[in-house]
Amino acid sequence: MSDYQSMDKNALESELKNLKAEYEDYKAQGLKLNMARGVPSTAQLELSLPMLDILKSGSDCLSVSGADCRNYGILDGIDEAKELFAQMLGVKPENVFIGGNSSLNMMFDTIACFSENGIGGEDPWLLQGKIKFLCPAPGYDRHFGVTGFFKNIEMITIPMTENGPDMDMVEKYVEDPTVKGIWCVPKYSNPDGITYSDETVKRFAALKPAAKDFRIMWDNAYCIHDLTDTPDTLLNLYDECLKNGNEDLPIMFCSTSKITFPGSGVAALAASKNNLDVLKSRYKFQTIGYDKLNMLRHIRFFNNYEGVVAHMQKHKAILAPKFELVINKLTEELGDKNIASWHKPNGGYFVSVNVLNGCAKKVVALCKEAGINLTGAGATYPYGIDPNDSNIRIAPSFPPLDELAKALDIFCLCTKIAAAEKLLDK
Ligand SMILES: Cc1ncc(COP(=O)(O)O)c(C=O)c1O
């Protein structure tokens, strides 16, 4: 019998004994494998290398407007970069602000701006006492790190469903005027790989928050990061907001971190004129302008949006087999054990596994002892606390296939050991 939950005590004891013997063998191998952070592999980084020497002369450094990109200026980025990111985010170029090398940095600056300068004509968040931010979870740990950094912000966990955040809860919470925003990764969410349904997007666009300074932090980090030929489609939030007279609601973000080079790509945000005016009134003191040469290198390398989409096919060819391997291993090893569940993503960078309640920390610790590094259990929840101690994020992108296979074998083994021990009450 393979369903652990229906095994009798003796059978499970004997299964655990075998699992532990297997585990000791792995431990003796002194492995050092990493499935912790979602970073592109070396082969993926090589894809964009020609970009680095694409600007060869002074005339190569001129933007379409004739501006010399080697020099100071153009706070919100060159026109051709706005055009490209507008297509990625599904907005008009005039709604785009091109930033530096990191969208997370722009998200932090946005929260800092609203905290110190206010938004929507309201007082700065820092002067409003305790405020709240909605955090769909499991979610991106660094989002929670940003809002956690601001000590007046209390983070409220909103459960994720197959269609996105629990919208009944979101609609209820926004009736509270101290609720000021929500984090969203609407396509191939980190870590679940879920794309918000059309209904979810429509309900976001139709929100009528009590707080005039409520904003949706729409982090579309994986907007074109498909892994299959039948990718998910995401309804355009900005268009839906326009229909509802709610264009001030979203602040949208993306970057080329997982298209070209993490840490050396180009990031952008998109927002209504009202929101952009407030953000620019702060950015103009923060910088004279971001790295326009890097914007230009990206433009010259891709030519246009279609060029970016074609480039993503090359990433897909490297990444898809890794995700396939993860899903196959999970299915083979855990599929019939009734001790874990997961979602098969059509894109993004993660597979999120829910092990038996109370077992995630144990699985991560067992993996660590056997040389497998995973994202810490709890990291996918606000304050690093997973109330069920169940969610584990697997990042398959970096290790080569053979290492990934071994790491997955050990992960599945540790999941089985933790489950058997839990069921035997050990
Ligand atoms: C959802 C999400 N947003 C943002 C980022 C970071 O983006 P950037 O490199 O543009 O700062 C990541 C990186 O893993 C991510 O998963």
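**Side note on the confidence of the model for the chain**
Stage number 1. Mean pLDDT over the chain: 97, with 100% of residues reaching 70 or higher.
Stage number 2. Averaged over each element, pLDDT in the chain is lowest for strand β1 (residues 33–35) (91) and highest for strand β7 (residues 215–219) (99).

**Overview of the side chain of Asn220**
Stage number 1. With respect to the element layout, Asn220 can be found in the loop between β7 and α8 (237–243).
Stage number 2. Ignoring any residue separated from it by four or fewer positions in sequence, one finds Asn220 in contact with Leu89, Pro186, Lys187, Leu234, Phe253 and Cys254.

**Side note on the packing of aromatic side chains**
Stage number 1. Tallied over the entire structure, the rule returns 15 aromatic pairs.
Stage number 2. Seen from their ring centres, Phe97 and Tyr283 are 4.5 Å apart, and the 15° between their planes marks the pair as stacked. Here the residue Phe97 occupies a position in strand β2 (residues 96–98), and Tyr283 occupies one in helix α9 (residues 273–286), the gap between them amounting to 186 residues. Each of the two residues, Phe97 as well as Tyr283, counts as buried.
Stage number 3. Ring centres 6.5 Å apart and planes at 85° place the aromatic pair Tyr222 and Phe350 in the edge-to-face group. Linking Tyr222 in the loop between β7 and α8 with Phe350 in the loop between β10 (340–342) and β11 (351–355), this pair joins segments that are 128 residues apart in sequence. The residues Tyr222 and Phe350 share a single accessibility class, namely buried.
Stage number 4. A network of ring pairs unites the aromatic residues Phe114, Trp125, Phe133 and Trp183 as a single cluster.
Stage number 5. In this arrangement the basic side chain of Lys258 is found over the ring face of Tyr349, its NZ or CZ atom lying 4.9 Å from the centre.

**A short note on the state of the cysteines**
Stage number 1. Under the counting rule described, the total for this entry stands at zero disulfides.
Stage number 2. Cys241 carries a free sulfur, and the closest cysteine sulfur to it, the one in Cys184, is 11 Å from it.
Stage number 3. Since its relative accessible area comes to 0%, Cys241 is described here as buried.

The rules behind the values
Residues numbered from 1 in each chain as written. Predicted model: local features only at pLDDT ≥ 70, side-chain atom pairs only at ≥ 80, totals over all residues. Heavy atoms only, no water. pLDDT = per-residue confidence, 0-100. Helix = DSSP H or I, 4+ residues; strand = E, 2+ residues; numbered from the N terminus. Contact = heavy atoms within 4.5 Å. Phe/Tyr/Trp six-rings, centres within 6.5 Å; stacked < 30°, edge-to-face > 60°. Buried < 20%, exposed > 50% of the residue type's maximum accessible area, 1.4 Å probe, protein only. Lys NZ or Arg CZ within 6 Å of the ring centre and 35° of its normal. Disulfide = S-S within 2.5 Å.

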